[in-house]
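These are the residues of each chain, in order.
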Amino acid sequence: GNEVDGPWQMGAKTATEYGRVAAEAGKLMLLTDPTLELAAVGSSGRNMPTFGAWEREVLDHTFDYVEFISLHTYFNDYADDTPALLASPDLMDDFIEEVVAIADEVAAKKKSTRRIMLSFDEWNVWYRTRRKNEGRVKLGWPVAPSILEEIYNMQDALAFGGACISLLNHA
């Protein structure tokens, strides 16, 4: 999986377990093709209890084999708090800056000038569970029903735009 720290994942691992496996896999992949650019799995989200420690431990193992560490974040307005939703990109900024600092800390520990880049490969405004299951699943349909389509409003669009600006500011 790509969220190996999540207990919902098949094959979930501790940071040490994953870091060791990822380092060995990276080493083998680079022996096969030294032009590959590899990413290590970061925390499933900034709210994970292991966030920070996970990135540090994984990068400690994989530093010599990866160019990137992944980040994931999703925004929503379940709390019906427009100001908080519109401020979500600020949390994205903080997340990026924290992971950069952790990666730089690992580089300093290893006395390396090499810098790990970020792969923000999952992010969006997302309400996957906003609708009840009955509205997302049609029993007896011979073809799978649509289940992940969302209905967005202007607040969601503004939060999305703020997230785009956050990514551009850190590119």
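Residues numbered from 1 in each chain as written. Predicted model: local features only at pLDDT ≥ 70, side-chain atom pairs only at ≥ 80, totals over all residues. Heavy atoms only, no water.

A. Structural context of the nonpolar core. Residues Tyr18, Leu59 and Ile116 are the most contacted members of the largest nonpolar core, which totals 31 residues. Ranked by residues supplied to this core, first place goes to helix 4 (residues 88-109) with 7 residues. Once residues lying within four places of it in the same chain are set aside, the contact partners of leucine 59 are Val66, Ile69, Ala103, Val106, Lys110 and Ile116. (Core = buried A, V, L, I, M, F, W, Y, C linked by side-chain atoms within 4.5 Å. Buried < 20%, exposed > 50% of the residue type's maximum accessible area, 1.4 Å probe, protein only. Helix = DSSP H or I, 4+ residues; strand = E, 2+ residues; numbered from the N terminus. Contact = heavy atoms within 4.5 Å.)

B. Representation of the packing of aromatic side chains within the structure. In the structure shown here, the tally under the stated rule is 7 aromatic pairs. Ring centres 5.6 Å apart and planes at 85 degrees place the aromatic pair tyrosine 78 and tyrosine 127 in the edge-to-face group. With tyrosine 78 in the loop between strand 2 (68-75) and helix 3 (82-86) and tyrosine 127 in the loop between strand 3 (117-125) and helix 5 (133-136), the pair connects residues that are 49 residues apart, well separated along the chain. The exposure class assigned to tyrosine 78 is partly exposed, which follows from its relative accessible area of 45%. When its relative accessible area of 3% is taken as the criterion, tyrosine 127 is described as buried. On the numbers, 5.8 Å between centres and 90 degrees between planes, the contact of phenylalanine 95 with phenylalanine 120 is edge-to-face. Residue phenylalanine 95 is found in helix 4, and its partner phenylalanine 120 is found in strand 3; the two are separated by 25 residues along the sequence. (Phe/Tyr/Trp six-rings, centres within 6.5 Å; stacked < 30°, edge-to-face > 60°.)

C. Representation of the side chain of aspartate 5 in the model. Counting through the fold element by element, aspartate 5 comes out in the segment before helix 1 (15-32). Despite its burial, aspartate 5 pairs with no opposite charge; the closest candidate is lysine 13, at 12 Å N-O. A distance of 2.3 Å separates a polar atom in the side chain of aspartate 5 from a polar atom in the side chain of serine 44. In this structure, aspartate 5 is in contact with Lys13, Gly42, Ser43, Ser44, Met48, Thr50 and Trp54, ignoring residues within four places of it in sequence. (Lys, Arg positive; Asp, Glu negative; His and termini not counted. Salt bridge = Lys/Arg side-chain N within 4 Å of Asp/Glu carboxyl O. Polar contact = N/O pair within 3.5 Å; in protein donor to acceptor, adjacent residues only side chain to side chain.)

D. Main features of unusual backbone geometry. Look at aspartate 80: it is not a glycine, yet its phi comes out positive at around 55 degrees. Here aspartate 80 is to be found in the loop between strand 2 and helix 3. With a relative accessible area of 65%, aspartate 80 lands in the exposed category. In this structure, lysine 111 is a non-glycine residue whose phi angle is positive, near 55 degrees. The residue lysine 111 is located in the loop between helix 4 and strand 3 in this model. Accessibility expressed as a relative area gives 76% for lysine 111, which makes it exposed.

E. Summary view of the pattern of salt bridges. Applying the stated criterion across every chain yields a total of 7 salt bridges. One salt bridge connects glutamate 98 with arginine 46, and the closest N-O pair in it is separated by 2.7 Å. Residue glutamate 98 is found in helix 4, and its partner arginine 46 is found in the loop between strand 1 (39-40) and helix 2 (53-62); the two are separated by 52 residues along the sequence. Exposure remark for arginine 46: the relative accessible area of 30% places this residue in the partly exposed category. Among the salt bridges present, the one from arginine 115 reaches aspartate 104, with a minimum N-O distance of 3.4 Å. Here arginine 115, found in the loop between helix 4 and strand 3, pairs with aspartate 104, found in helix 4; they are 11 residues apart in sequence, far enough to count as distant.

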